[in-house]
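Chain and residue survey
Here is what each chain is made of, one letter per residue.
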Amino acid sequence: MLSKEEIVKSVPQKGFFGHPKGLFTLFFTEFWERFSYYGMRAILIFYMYYELHEGGLGLERGTANSIMAIYGSLVYMSGIIGGWLSDRVWGPRKTMFYGGILIMIGHFILALPLALTGLLISMVFIIIGTGLLKTNVSSIVGEIYAEKDSRRDSGFSIFYMGINMGAFLAPFIVGTVGETYSFHLGFGLAGIGMLIGLIIYIATQKKNLGLAGLQVPNPLNEAEKKKAILNFTIIILAIVVVLGGLYATGNLTMGVFSTIITTLGVLIPTAFFIIMYRSPKTTKDEKSRVLAYIPLFIAAVMFWAIQEQGATILATYADTRTNLNVGGFELKASWFQSLNPLFIILFAPVFAWIWVKLGNRQPSTPLKFSFALFFAGASFLVMMIPSKLSGGTELVSPLWLVLSFFLVVIGELLLSPVGLSATTKLAPQAFASQTMSLWFLTSAAAQAINAQLVRIYEAVTEIVYFGALGGLSIILGVIILLFTPIISKAMRGVK
């Protein structure tokens, strides 16, 4: 197996804003993948609860929000499959490419007028495809840098900006077409976006990525292959039996299914931590880093539980509680989904510059996570104000949503690119891609929990809902702040 140094040497080390050329390939592949995903997501919630005569499916709004949360959870939960296949079977590059193909197929199925059946089938393709692609493209970004390369966090911030450039454009293009003309036409544009991403990857990956992502870190031997096939067969049969039994008895309701997903969202990452910590392939220092990663994981779950509601609770808030007529100009509810990536595009370079400028003097990873939770909490607390002023019924100014999205983005820039970078450094060598899957499980767990929270939103006042979640985030931020010295020490030299 090639060493990290040999892999890095095979990658052209300059050519993309002072970063390795491989960052260009990964930047634009993920740009178009995010264009396709966030374009679809910008209109999916409306497609589900708009009435049939409006081109939608006519689902109840609370049900649509719950489905969105479950969908988001399963998308990130499927990263387990992508991480395992990358580590044990195909390596990151092949796994990523196959994922892109599945995503493209899923979007094109959604573009067909197949109603609820088409939605469910497309979800399967997009869920599995995103799991294969998303964890591995980030892992390859980590591979093109040496361990102590000072450009590393800056490179992840630039990569993260590319993700958000695609996410920014998508609601204006896919959202406008979807809301104005046809939801299905919008979904078709999302599929074309993924196709463009695949073309760019195929055209540039050999020249720009060198050997990065080609190796299988922990390949299966023959005995392990047989065991893996048996285990996968048992898991699939178990899923079929459980879901089939629930369906046959009339118990396969949205409430039951969301409870199952929420339970899995908690149990799966717990099992991951136990397996990595107890593995004989994990060294003593790596075990300490795994323990240090646990509070960071919990903090990230809390953060994403708030951030991801931008596409559910705040999306429906934009559609039903916000005055979309500004100075005679009619806004589209889907356009608010561009606020998050817009602010990241504007401020990601600033944060990247700050981290490079500060160098070894920058705040520690746990401290950045703590600050991120403060901003996430504030983003929900400010939403109590328009709810109070409007009495919970009158339409409110769109500027409140702008402020909320702005605050959570500042937190996101403190947590997400830093978390990606920290994950690649804290990961046990034998579990490199799977640890990246664990990072994406923070969002899976958060959205699995959100599947329950969106029900509460329908049952309590907006002030109680936003106030409780915002306050909880700030309390957890204080706890992480107090334990920062202990967490930093357990990271064993990783800053």
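Fair warning: this is a prediction, and the values are worked out from it, not measured in the lab.

Applying the stated criterion across every chain, the model contains 3 cavities of 30 Å³ or more. Estimated volume of the largest cavity: approximately 430 Å³. Contributing to the lining of the largest cavity are 36 residues, with Tyr 38, Tyr 160, Trp 304, Gln 307 and Glu 412 lying nearest its centre. Every element with two or more residues in the lining of the largest cavity is listed here: α2 (22–49), α6 (115–143), α7 (152–180), α11 (284–307), α13 (339–358), α14 (365–381), α16 (399–426) and α17 (432–459). Within the lining of the largest cavity, the residues separate by chemical class into 19 nonpolar, 11 polar and 6 charged. There is about 70 Å³ of room inside the second largest cavity.

Estimates place the volume of the largest pocket at around 2200 Å³. Together, 49 residues line the largest pocket, and Ile 81, Ile 235, Ile 239, Leu 264 and Ile 268 are the ones closest to its centre. Of all the secondary structure elements, the ones that give two or more residues to the lining of the largest pocket are α3 (61–77), α4 (79–90), α6, α9 (222–248) and α10 (254–278). When residues in the lining of the largest pocket are grouped by element, the largest group, 12 residues, is from α9. Considered class by class, the residues forming the lining of the largest pocket number 38 nonpolar, 7 polar and 4 charged.

Attention shifts here to the packing of α7 against α13. For any two helices packed against each other, the geometry comes down to the angle between their axes and how far apart the axes lie. Where α7 meets α13, the closest approach of the two axes is 8 Å, and the angle between their N-to-C directions is 170°. By the criterion of interaxial angle, the relationship of α7 to α13 is roughly antiparallel. Residue-level inspection shows Ser 154, Ser 157, Tyr 160, Met 161, Asn 164, Met 165, Ala 167 and Phe 168 of α7 in contact with α13, the latter providing Asn 340, Pro 341, Leu 342, Ile 344, Ile 345, Ala 348, Pro 349, Ala 352, Trp 355 and Val 356. For the contact of α7 with α13, the class distribution of residues is 14 nonpolar, 4 polar and no charged.

Let us look at the packing of aromatic side chains. Any pair of aromatic rings gets described here by the distance separating the centres and the angle formed by the planes. As enumerated under the stated definition, the model contains 33 aromatic pairs in all. Note on Phe 172 and Trp 335: the rings are 5.7 Å apart at their centroids and 45° apart in plane angle, and the pair reads as tilted. Of this pair, Phe 172 sits in helix α7 while Trp 335 sits in the loop between β2 (329–330) and α13, and the two are 163 residues apart along the sequence. Judged by relative accessible area, which is 35%, Phe 172 ranks as partly exposed. A ring pair is formed by Tyr 317 and Phe 466, whose centres lie 6.3 Å apart and whose planes are at 75°; its orientation type is edge-to-face. Of the two residues, Tyr 317 sits in helix α12 (residues 313–320) while Phe 466 sits in helix α18 (residues 462–482), which places them 149 residues apart along the sequence. Owing to a relative accessible area of 1%, Tyr 317 belongs among the buried residues under this scheme. Taken together, the aromatic side chains of Phe 24, Phe 27, Phe 28, Phe 31, Trp 32 and Phe 35 make up a single cluster linked through ring pairs. One cation-aromatic arrangement involves Lys 287 over Tyr 277; the distance from NZ or CZ to the ring centre is 5.0 Å.

The biggest cluster of nonpolar side chains holds 140 residues, and the ones touching the most others in it are Met 40, Leu 44, Met 48, Phe 187, Trp 439 and Phe 466. If one sorts the elements of this core by residue count, α2 sits on top with 16 residues. Excluding residues within four positions of it along the chain, Phe 466 makes contact with Ile 313, Leu 314, Tyr 317, Phe 380, Leu 381, Met 383, Met 384, Ser 387 and Tyr 457. Counting residues in hydrophobic clusters, the runner-up holds 5 residues, among them Trp 84, Leu 85, Leu 220 and Ala 228.

Next up on the list: a nonpolar patch on the surface. Taken together, the side chains of Ile 235, Ile 239, Val 242, Leu 243, Tyr 247 and Leu 252 present a nonpolar region at the surface, about 570 Å² in accessible area. Here Ile 239 shows up in helix α9.

Rules behind the numbers
Residues numbered from 1 in each chain as written. Predicted model: local features only at pLDDT ≥ 70, side-chain atom pairs only at ≥ 80, totals over all residues. Heavy atoms only, no water. 1 Å grid on protein atoms, 1.4 Å probe; cavity = no way out; pocket = protein on both sides within 12 Å on 5 of 7 lines; lining within 4 Å. Points joined across faces, edges and corners; volume = space filled by probe spheres on them. Helix = DSSP H or I, 4+ residues; strand = E, 2+ residues; numbered from the N terminus. Nonpolar A, V, L, I, M, F, W, Y, C, P; charged D, E, K, R; others polar. Axes fitted to C-alpha atoms, helices over the stretch in contact; angles between N-to-C directions. Parallel < 35°, antiparallel > 145°, perpendicular 65-115°, else oblique. Contact = heavy atoms within 4.5 Å. Phe/Tyr/Trp six-rings, centres within 6.5 Å; stacked < 30°, edge-to-face > 60°. Buried < 20%, exposed > 50% of the residue type's maximum accessible area, 1.4 Å probe, protein only. Lys NZ or Arg CZ within 6 Å of the ring centre and 35° of its normal. Core = buried A, V, L, I, M, F, W, Y, C linked by side-chain atoms within 4.5 Å. Patch = residues over 30% accessible without salt bridge, like charges linked within 9 Å, V, L, I, M, F, W, Y side chains within 5 Å. Areas by Shrake-Rupley, 256 points an atom, 1.4 Å probe, with all protein chains shown as cover. Salt bridge = Lys/Arg side-chain N within 4 Å of Asp/Glu carboxyl O.

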